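Remarks on the overall topology
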Amino acid sequence: TITTQIATQNKMVANNEAKPAAIATGPTGAELASSVNTKVIGAILPLTGKNASIWQRALNAIRMGLGLGNAENKLQLALFDSQSSPELAADGADKLVKEDKAIALLGGFTAREAAAVANRAEFLRTPYIGFSQKSGLTNIGEYVFRNSVTPEMQVDRLVQFAFDKLSAKKFAILFPNDTYGVEFSNIFWDHVLARGGEVTAAQTYDPKETDFSEAIQKLVGTYYVEARAEEYKKKVEELKTLAEAAQKKESKKDPKKIVKQSTRDRWSHENILEPIVDFDVLFIPDSSRALGQIMAFMKYNDVTTMTYLGTNIWSAPDLPKRATVKNTKLYFVDALDISDGAKASDFFKDYLTLYAEEPTLVEVQTYEAAKILKEQLNSGASSRDELAENLRELGRIKGVTGELRMSSQREIERPIHVLTLDSGFIKKIE
């Protein structure tokens, strides 16, 4: 047994005898990836498939960040196509570290791919910078870093603005029942409570939904009539009295005329309860398309004035055309505001010159991550452990959109802007 073997070993040591062979435990990750080429950076990207063009642009930005177009640059980029498969992404991490001897890894845009690469990188003790927004990625280990605008970052900024500038105390959430909607809603609720606020209403809907009447009626308390039975009964009596009075009035003019009830009147009779809007703002973690539809259905359900809060997926060219309901205010957050000078940065100009299109936030983040690795390696980092330690102590550095900061959780944080829709244009207000 192991206990007997250990006892025998201790006895031999005491008698200055030779030790028996060590118990086999298998090689560690560091042993499996013991050799390293400090000039090689590995990138795991889904370069084939339906979204390949998106990740090709990210690859362009990585090349720029590493300075591969510079004749004096000595860094090399080793690529692996994950084909959007988490299993292949993990295999890619093994291949790049063990065969290509990469000193660091980049990649992982979806939650599952990023987690797969992060777990392999941690086992292999290789610094890895991921780009997935999914919460908890850097919790995987000390070698896992991230450059992404996470739900936590967005919600923290949004809730802070709502409390400090909108004086909001009561909040409502209307969200799609999908991964994105549920994650953002849970984080939003937690942040509201942490600041002493109150979530007075929350309602979910099918992500494929196009008719939001039911969800909105549930949100504002007009769907379950039995819950407001006395009020409903009183409203019915009032409508009946008004209808009878109208009938008498018309009968005096023309005794033979029968007043027919319009479709709108019948709808009003079924939906006679006043909406209960006991919240200051409504958070909708969904696309600008869904927002436009929800705003229209809110108005149809007699909620004519509202302040809406959203995430960076509202920051889309079609927002002004979709959000056209009057007496509403929109506030959302994003890290990339092309009106604030980011467009004038060298990166924006160079990317536009090289690829004839403007970069998005994805390209900004991948460029910055590659540039950080290049600078650390050019400064003399000669091992994976040393590079990882340098990244953990990165502190504050200049990024494309403003100052970057490495947090204690190995998250690269950046300024988050608050934007609004003003006279048909997206504008930054903070």
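Values in this document were obtained by computation on a predicted structure and should not be read as measured data. (Residues numbered from 1 in each chain as written. Predicted model: local features only at pLDDT ≥ 70, side-chain atom pairs only at ≥ 80, totals over all residues. Heavy atoms only, no water.)

1. Considerations on the overall build of the protein chain
Threshold: The way it works is that DSSP assigns letters per residue, a run of H or I at least four long becomes a helix, a run of E at least two long becomes a strand, and they are numbered from the N terminus. Burial classes follow relative accessibility: with a 1.4 Å probe on protein chains only, a residue under 20% of its type's maximum area counts as buried, one over 50% as exposed, and anything between as partly exposed. Contacts between residues were defined by any pair of non-hydrogen atoms, one from each residue, lying within 4.5 Å. In these tables, accessible area is a Shrake-Rupley quantity obtained with a 1.4 Å probe, and a residue counts as shielded only by the protein chains included in the view.
Of regular secondary structure, the protein chain possesses 15 helices and 15 strands. Among the 430 residues that make up the protein chain, the fraction classed as buried is 43%. By sequence separation, contacts in the protein chain at least 24 residues apart represent 66% of the contacts at least 6 residues apart. Put simply, the protein chain shows about 22,000 Å² of open surface, and 50% of that area lies on carbon and sulfur atoms.

2. Thoughts on the nonpolar core
The test is simple: What is meant by a nonpolar core is a set of buried Ala, Val, Leu, Ile, Met, Phe, Trp, Tyr and Cys residues, joined one to another through side-chain atoms within 4.5 Å.
Within the largest apolar cluster, 34 residues are counted, with the highest numbers of intra-cluster contacts made by F171, F188, F283, L309 and F347. Of all the secondary-structure elements, those providing two or more residues to this core are α3 (52–66), α6 (151–164), β6 (170–176), α7 (179–194), β8 (281–283), β10 (328–334), α13 (346–355) and α14 (361–378). Here the element with the most residues in this core is α6; it accounts for six residues. Every residue in contact with F283, bar those within four places of it in the chain, is listed here: L158, A172, I173, L174, F184, S185, F188, L309, G310 and T311.

3. Some points on the sheet that holds strand β15 (residues 425–428)
One key point about sheets: their strands pair by backbone hydrogen bonds, in either a parallel or an antiparallel sense. Rule in force here: One bridge is not enough; two strands pair if DSSP finds at least two bridges between them. Every axis corresponds to a line fitted to the C-alpha atoms, with the helix fit spanning only the stretch in contact, and the corresponding angles, defined between N-to-C directions, vary from 0 to 180 degrees.
One open sheet accounts for seven strands, arranged β7-β6-β8-β9-β10-β14-β15; its pairing is mixed. Edge positions in the sheet fall to β7 (198–205) and β15, since each of these pairs with one other strand and no more. The sheet shows a mean angle of 25 degrees between the axes of neighbouring strands, taken without regard to direction. Looking at chain direction, strand β14 (residues 417–422) and β15 are connected through four bridges and run antiparallel. Its bridge partner lying in β15, L419 is registered against K428. Here α6 sits on the sheet and contacts β6, β8, β9 (306–310), β10 and β14; the angle it forms with β10, its principal contact strand, is near 140 degrees.

4. Considerations on the packing of α13 against α14
How two helices sit against one another is set out by the angle between their axes and by the gap between those axes. To keep things clear, this is the line we draw: Between 65 and 115 degrees an angle is taken as roughly perpendicular, under 35 as roughly parallel, over 145 as roughly antiparallel, and anywhere else as oblique. Note: crossing handedness is left-handed where the near helix turns anticlockwise from the far helix by less than a right angle, and right-handed where it turns clockwise.
Between α13 and α14, whose axes approach to 12 Å, the crossing angle comes to 110 degrees. Put simply, α13 runs roughly perpendicular to α14. Here α13 runs over α14; the crossing is right-handed. Residues F347, F348 and Y351 of α13 form the contact with α14, whose own contacting residues are E363, V364 and Y367.

5. A look at the environment of T401
Under the convention used in this document: Polar contacts, as counted here, are pairs of nitrogen or oxygen atoms within 3.5 Å of one another; within protein the pair requires one atom able to donate a hydrogen and one able to accept it, and residues that are adjacent in sequence qualify only if both atoms are side-chain atoms.
Looking at where T401 falls in the secondary structure, it is placed in the loop between β11 (396–398) and β12 (403–406). For the pair formed by T401 and L336, sequence separation is 65 residues and the distance between their alpha carbons is 6.8 Å. Here the side chain of T401 touches R414 through a polar contact of 3.1 Å, side chain to side chain.

6. Quick look at the environment of P46
Structurally, the position occupied by P46 is in the loop between β1 (37–45) and α3. The exposure class of P46 is buried, given its relative accessible area of 4%. Taking the C-alpha atoms as reference, P46 lies 9.9 Å from T110; in sequence the two are 64 residues apart.

7. Some details on the sheet that holds strand β5 (residues 144–146)
If you walk across this open sheet you meet the five strands as β2-β1-β3-β4-β5, and the pairing is parallel. In this open sheet, the two edge strands, each paired with only one partner strand, are β2 (76–81) and β5. Taking the axes of each pair of neighbouring strands and ignoring which way they run, one obtains an average angle of 25 degrees across the sheet. As defined by bridge partners, strand β4 (residues 128–130) adjoins β5 across three bridges and the pair is classed as parallel. In the strand pairing of β5, Y128 is matched with V144. Strands in contact with α3 are β1, β2 and β3 (102–107); relative to β2, the strand with the most contacts, it is inclined by about 165 degrees.

8. Details of the packing of aromatic side chains
So the rule is basically this: Here the aromatic set is Phe, Tyr and Trp, taking the six-membered ring for Trp, and pairing holds for ring centres within 6.5 Å; pairs whose planes are under 30 degrees apart are stacked, those over 60 apart are edge-to-face, and all others are tilted. In this scheme, Lys NZ or Arg CZ marks a charge over a ring once it lies within 6 Å of the ring centre and within 35 degrees of the ring normal.
Counted by the stated rule, this structure contains 15 aromatic pairs. For the ring pair F347 and Y367, a centre distance of 4.2 Å and an interplane angle of 25 degrees mean the geometry is stacked. Residue F347 is found in helix α13, and its partner Y367 is found in helix α14; the two are separated by 20 residues along the sequence. As far as burial versus exposure is concerned, F347 and Y367 are alike and both buried. Put simply, the rings of F347, F348, Y351, Y355 and Y367 touch in pairs and so form one group of aromatic residues. A cation sits over an aromatic face here: R392 above Y143, 5.2 Å from the ring centre.

9. Here we look at the packing of α14 against helix α15 (residues 384–392)
Selection rule: Here the term charged refers only to Asp, Glu, Lys and Arg, the term nonpolar to Ala, Val, Leu, Ile, Met, Phe, Trp, Tyr, Cys and Pro, and the term polar to all other amino acids, Gly among them.
Where α14 contacts α15, the axes come no closer than 11 Å and their chain directions differ by 120 degrees. One element, α14, and the other, α15, form an angle in the oblique class. Taken as a pair, α14 and α15 cross one another with a handedness that is right-handed. Contact with α14, carried on its side by I372, L373, Q376 and L377, involves L387, N390 and L391 of α15 and no other residues of that element. Partitioning the contact of α14 with α15 into residue classes produces five nonpolar, two polar and no charged.

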